[in-house]
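Descriptive analysis of the structure
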Amino acid sequence: MTIREEQSGPSGMGEMERGTPQRLEARYRMWTLAWSALCVLFAVWSLAWGVGAATGASDAWAYSVAGLVLLACALWARRSAIRNSPPRHL
């Protein structure tokens, strides 16, 4: 085995053991993706109930407002997750 073969480690993201930077980066990316998906879900929910309220469904405004409040909370949490993530180096 040559020296070059010995030095070449695993390809891809590298080791995903506890405490490694790759594992922490993956965790922060998953939090960001999860909050983004939740924001989309609440936005669709609010939009659907808003359309229902426009067409005359009973109590649709309450569900629409509740969805908007939850959307605002999810957007705040997503922004916090992005802000608290470690800086990305090029």
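Our subject is the structure listed above.
Since the model is a prediction, treat every value here as computed from it, not as a measurement.

Analysis parameters
- Residues numbered from 1 in each chain as written.
- Predicted model: local features only at pLDDT ≥ 70, side-chain atom pairs only at ≥ 80, totals over all residues.
- Heavy atoms only, no water.
- Helix = DSSP H or I, 4+ residues; strand = E, 2+ residues; numbered from the N terminus.
- Buried < 20%, exposed > 50% of the residue type's maximum accessible area, 1.4 Å probe, protein only.
- Contact = heavy atoms within 4.5 Å.
- Areas by Shrake-Rupley, 256 points an atom, 1.4 Å probe, with all protein chains shown as cover.
- Expected span 1.5 Å × (residues − 1).

1. Description of the overall build of the protein
Looking only at helices and strands, the protein features three helices and zero strands. The secondary structure elements of the protein, listed N-terminal to C-terminal, are α-α-α. Sorting the 90 residues of the protein into buried and exposed places 18% on the buried side. A separation threshold of at least 6 residues defines the contact pool for the protein, and within that pool the share at least 24 residues apart is 58%. A total of about 7,300 Å² of accessible surface is found on the protein, and carbon and sulfur atoms cover 64% of it.

2. Comments concerning helix α3 (residues 60–84)
Given a rise of 1.5 Å per residue, 25 residues ought to cover 36 Å, and the 36 Å separating the end C-alpha atoms of α3 matches this to within 8%. Within α3 the residues assigned to the buried category are Ala60, Ser64, Gly67, Leu71, Ala74, Ala77 and Ala81. Those residues of α3 that are buried lie in contact with α2 (21–55).

3. Section: unusual backbone geometry
One non-glycine residue, Asp59, lies in positive phi territory at about 60°. Here Asp59 is to be found in the loop between α2 and α3.

Note that every value here comes from positions in space, so none of it alone points to a role or purpose.
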